[in-house]
Amino acid sequence: MAEALAKNAYTGGAHAPAKKATFDLFARPTAKTGLVSWLTTVDHKKIGMLYGGFAIFFFLVGGLEALLIRTQLMVPNNRFISAQLYNELFTMHGTTMIFLAVMPLNAAFFNLLVPIQVGARDVAFPRLNAFSLWVWVVGAILLNVGWLSHVSDSLKGFGGAPDVGWFGYAPLTSKVFTPDLSTDLWVLGLQVLGLSSIVASLNFIVTIINMRAPGLTMMRLPVFTWMALVTSFLLVLALPAIAIALVEVMMDRNFGTSFFEVSGGGQPILWQHLFWVFGHPEVYILILPPMGYVSEILPTFARKPLFGYPIIVFSGVAIGFIGFGVWSHHMFTTGLGNVATAAFALATMAIAVPTGVKIFNWIGTLWGGQIMTRVPMMFALGFIWMFMLGGFSGIMHSAAPADAQQQDSYFVIAHFHYVLIGGATFALLAAIHFWFPKFFGRMVPEFWGKVSFWLIFVGFNCTFFPMHFLGLNGMPRRTWTYDSNMGWNEANLFATLGAYLLGIGIFTYFAVLVWSLFKGKVAGNDPWDARTLEWSIPSPPPEHNFAAIPTVHARDAWWYEKHHQEEIAKEKAEHIKAEESHGGIHMPDQSWYPFISAIGLMIGAYNFAQLHSPVVLFGNQVFASHLPLALTGGVIMVGALYLWALEGPGGYHIHIGPDGKVTESRGDHH
Amino acid sequence: MSSHAATGHIDHHHDHTTSTGIPNKKLLWWAFLASDCMFFGALISTHMVYRLNPPPGNAVPTQVFNIELTSFSTFILLMSSLLMALAVNAIQRGNVKSTRTMLLGTMFFGCIFLGGQVYEFEHFVHAKNMTLSNSIFGSTFYTLTGTHGTHVAIGVLLLGMMYVRTFKPANGGGLFMNFAHLLAICVTFGVAFIWFVPGLIEVIYGLPIGDLFKRAAIPLAVGAAGLVSLFWLGRSRGAVEFGEKNAIDVEAIGLYWHFVDIVWIIIFTAVYLLEYL
């Protein structure tokens, strides 16, 4: 090995200045720490952390919005907040939790785990991955900028935060009913988030299909990675429907078309179809990755391999397929006709089957295992139970006549919070707890983790279980307040108190994480004695993930390695030697352009939303419309994308010495 | 790609560094095209839904369309796919000069198509009085065909970027030249499809040719200047860092280009031909 190092032209010593083989406008950033390193990073782990950090922030914001909503509903005839603010809160609570909390938290785990679980050093297109992140941030800003109008009178122009409901039914989004800028920003904000998700998903599709380590066949992929693949396909195929629907709303509002304007021959029901063609797959986009986390956590703490791996994978794919054929069950009360209603009811019942199969497989995994009730396991077990409750009320909805009674009532609220909190969020909390030691190198204390689990579990059920009864007693969703003689008083009070308890639980959970970040017990590489490849590398993982690309011999790759140490050590030494003879570990260079193009997109989209209004600065009109500013943003974006293409992927090499010391080299050979 | 340097021989159908043998870029484009199918699917569905439920006073498509012209531009767009395929073939054989010719040809045919669309839109609005807002048919027609036209225009821009890329000097530098070249491309082809081609179509329909030069004197002069600078910039300037190894990049744009053509076949059938049944 030393010989190979010495012979290698790329290692050690001073290099001849590299020939300028790329079109560089300015030097590429190389900072490994500090602000610049985060803004220009292409490292999937850093990008995952940023996704996670932003998503947790918005998760807390969305939670605060929910607490305000619950406080307003605590007692009848309450005047705690205005009806207008209430509309903004429930709209942004839904939008935030779906697009700015659960989806990016899943994206965070895709980033953190997928490349490591497939045995790669990064995603297929690292700069594109950074672009997805920053575009997502732009979308989040566009959606939330309207809150500023509550801060100062000079910012009233936004007309508040979006207030059309998270599914923005036409014709409420018509200029006639919501003339404010808030709806335009909602339209463009969602559009930008969709762009981010599509780009990120394309990247993960290629990464999972094309960058698997030797020996890692598709049927050896960890279930989480499988679910990431299915979710990515759902995203690229479902998001276009809402993108086009949003384009049509935008055209209606700003360019005089009549897609959803009844007076011009448009049909508002088309919005519902296009929205739910996206919206129902979206439900599975939210829940499939959580099913993946749970499928990783249960076998680890049951000390058994996952029961029925192929059928779990198949069920996930089947859910993805059938998920495209059930959208109209959100629209049973619109009068689709008997045949359509029956068809969608049957498809909805059918999709419960693969979901049920998964649950039985998880139970099969637990059966006869040596169950260790560590905190991630508690959340995972909570997931199975709570998600099942949400699933049962979901099957009730598939019966169209029953659904007609439940439509738009608190029963529906109860149902989807059971699947989205009891399901998706419980699994995400399990996942955060489970992988925290891997990416921060510290353990979260068991005791406080369990305290937060029980607070969350009890608080959650106190909040949402009574809502089933409220809904069946006729309480409509999105109601600002109610009279005291409706029979809803006690349940609402109980639900609100439960929400406070849930809030305390969530606060405890994250407070403990922050404490652990600084004071937690230092974790080893493999604190849970787990099964997948991420546990085979140091905590936190080094920039290049693997010193030697692993060869995968079994489904639980790391478990196999632990039991065949001699064979694996020999194999790894050979891999390191082979790689060093090819110039070392190749790593992609950082880049400014993903960040700059996202800034261009923000300038462009923000000004495009208010295209027809004049630009006023300090009381003077500067431009008659926002077109010049929108174009400026567009030019910055396209220019940055072009320079990005010209600079090329670049790259440098990492060399691992026999003593484990890591050195870097830059040359003109990539 | 680095993988090819070791073997010396480039296999254009297999990349041994990936698990499937499909190059990453190609897989990315295929996945994107799947996504793009859904974009057009949603737009075409919208058009079809409103076609079946026309409100009173809706535009009558057969009175608006100029089917001969659209058939002609459809034919041109399909032929551009042939040139695109030849461009890919040329670069796979390492023939940079032929690649350039074929890229320019594809862009030129794309511009004839776009010019036809510019003429069509102008004609529909001014002569047939069908606008975005005065009928639902106008709303769906302009949004759908406009989205497709935008795809073609982006395709022309990508091809232009690739064409300019073929001039990257082997010994570094050349960034300014690259920008100037791309600017010349944008100006020339922009003038071609916004003013020149629509103007020629009007000449065919009876506009005196002198009027064309009077009406669009400034843009046409700028376009001519762009064309001259294209010739000047397009002369050979020594060794270039572009060759057989870049075949996958050209092929990726080719995938997109063919896809946009196929989508047009569907739009032409569903939006235009269907009305004559």
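Quick notes on the rules
- Residues numbered from 1 in each chain as written.
- Chains lettered and ligands numbered in written order.
- Predicted model: local features only at pLDDT ≥ 70, side-chain atom pairs only at ≥ 80, totals over all residues.
- Helix = DSSP H or I, 4+ residues; strand = E, 2+ residues; numbered from the N terminus.
- Expected span 1.5 Å × (residues − 1).
- Buried ≥ 20, exposed ≤ 12 C-beta atoms within 10 Å, placed from the backbone.
- Arc of directions from axis to C-beta.
- Axes fitted to C-alpha atoms, helices over the stretch in contact; angles between N-to-C directions.
- Parallel < 35°, antiparallel > 145°, perpendicular 65-115°, else oblique.
- Left-handed = near helix turned anticlockwise from the far one by under 90°.
- Contact = placed C-beta atoms within 7 Å.
- Nonpolar A, V, L, I, M, F, W, Y, C, P; charged D, E, K, R; others polar.
- Pairing = 2+ DSSP bridges.
- pLDDT = per-residue confidence, 0-100.

Let us now look at helix α19 (residues 627–647) of chain A. All names here are of chain A. Relative to the 30 Å expected for 21 residues at 1.5 Å per residue, α19 spans 30 Å between its end C-alpha atoms, a close match to the ideal helical length. Within the span of α19, buried status applies to G633, M637, A640 and L643. The buried residues of α19 occupy an angular sector of 135° when projected down its axis, which confines them to one face. Just downstream of α19 lies G648, where phi reads positive at about 75°.

Turning to the packing of helix α5 (residues 126–144) of chain A against helix α18 (residues 593–609) of chain A, a few remarks are in order. When two helices pack together, their arrangement is captured by the angle between the axes and the distance separating the axes. All names here are of chain A. Across the interface, α5 lies against α18 with an axial gap of 8 Å and an inter-helix angle of 30°. If you check the angle between α5 and α18, you find them roughly parallel. Of the two possible hands of crossing, α5 and α18 adopt the one that is right-handed. The residues of α18 that touch α5, namely those facing R127, A130, F131, W134, V135, V137, V138, I141 and L142, are Y593, P594, F595, S597, A598, L601, M602, A605 and Y606. Grouping the constituent residues of the contact of α5 with α18 by class yields 16 nonpolar, 1 polar and 1 charged.

Residues and elements named next belong to chain A. Taken in spatial order, the 3 strands of this open sheet run β1-β4-β5, and their pairing is antiparallel. Two strands bound the open sheet, and with one partner strand each, they are β1 (585–587) and β5 (662–665). Across this sheet, the average inter-strand angle for adjacent strands is 30°, counted without regard to direction. Pairing analysis gives 3 bridges linking β1 to strand β4 (residues 652–656), with the strands arranged antiparallel. Looking at β4, one finds that M587 is bridged to Y652.

Take the packing of helix α8 (residues 269–302) of chain A against helix α11 (residues 375–398) of chain A next. Residue and element names in this part refer to chain A. α11 packs onto α8 with a crossing angle of 125° between their chain directions and a minimal axis gap of 9 Å. Relative to α11, α8 is oriented oblique. Where α8 crosses over α11, the two elements pack in a sense that is left-handed. Judged by residue contacts, P290, V294, I297, L298 and F301 of α8 engage P376, M377, A380 and F383 from α11. Here the contact of α8 with α11 is composed, by residue class, of 9 nonpolar, no polar and no charged.

Attention now goes to the environment of Y119 of chain B. Residues and elements named next belong to chain B. Looking at the secondary structure, you find Y119 in helix α5 (residues 96–126). The spatial distance from the C-alpha of Y119 to the C-alpha of P56 is 27 Å, given a sequence separation of 63 residues. Among all residues touching Y119, those that are not within four sequence positions of it are P198 and I201.

Further remarks concern the confidence of the model for chain B. Residue and element names in this part refer to chain B. Chain-level pLDDT for chain B is 92 on average; 97% of the residues reach the 70-or-more range. Low pLDDT, under 50, characterises residues 1–7; the stretch is placed with 7 contacts to residues that sit more than four places away or in other chains. The complex prediction reports pTM at 0.94, with the ipTM value standing at 0.93.

Here we come to the pairing of β5 of chain A. Pairing analysis gives 4 bridges linking β4 of chain A to β5 of chain A, with the strands arranged antiparallel. Paired with H653 of chain A across the two strands is S665 of chain A, which belongs to β5 of chain A.

Let's shift gears to the interface of chain B and chain A. Across the boundary between the two partners, chain B contributes 32 residues, which contact 36 residues of chain A. Elements with a minimum of two residues in the side of chain B that touches chain A: α2 (24–52), α6 (136–165) and α7 (175–204) of chain B. A per-element tally of the side of chain B that touches chain A places α2 of chain B first, with 13 residues. Of the residues contributing to the side of chain B that touches chain A, the split by class is 16 nonpolar, 15 polar and 1 charged.

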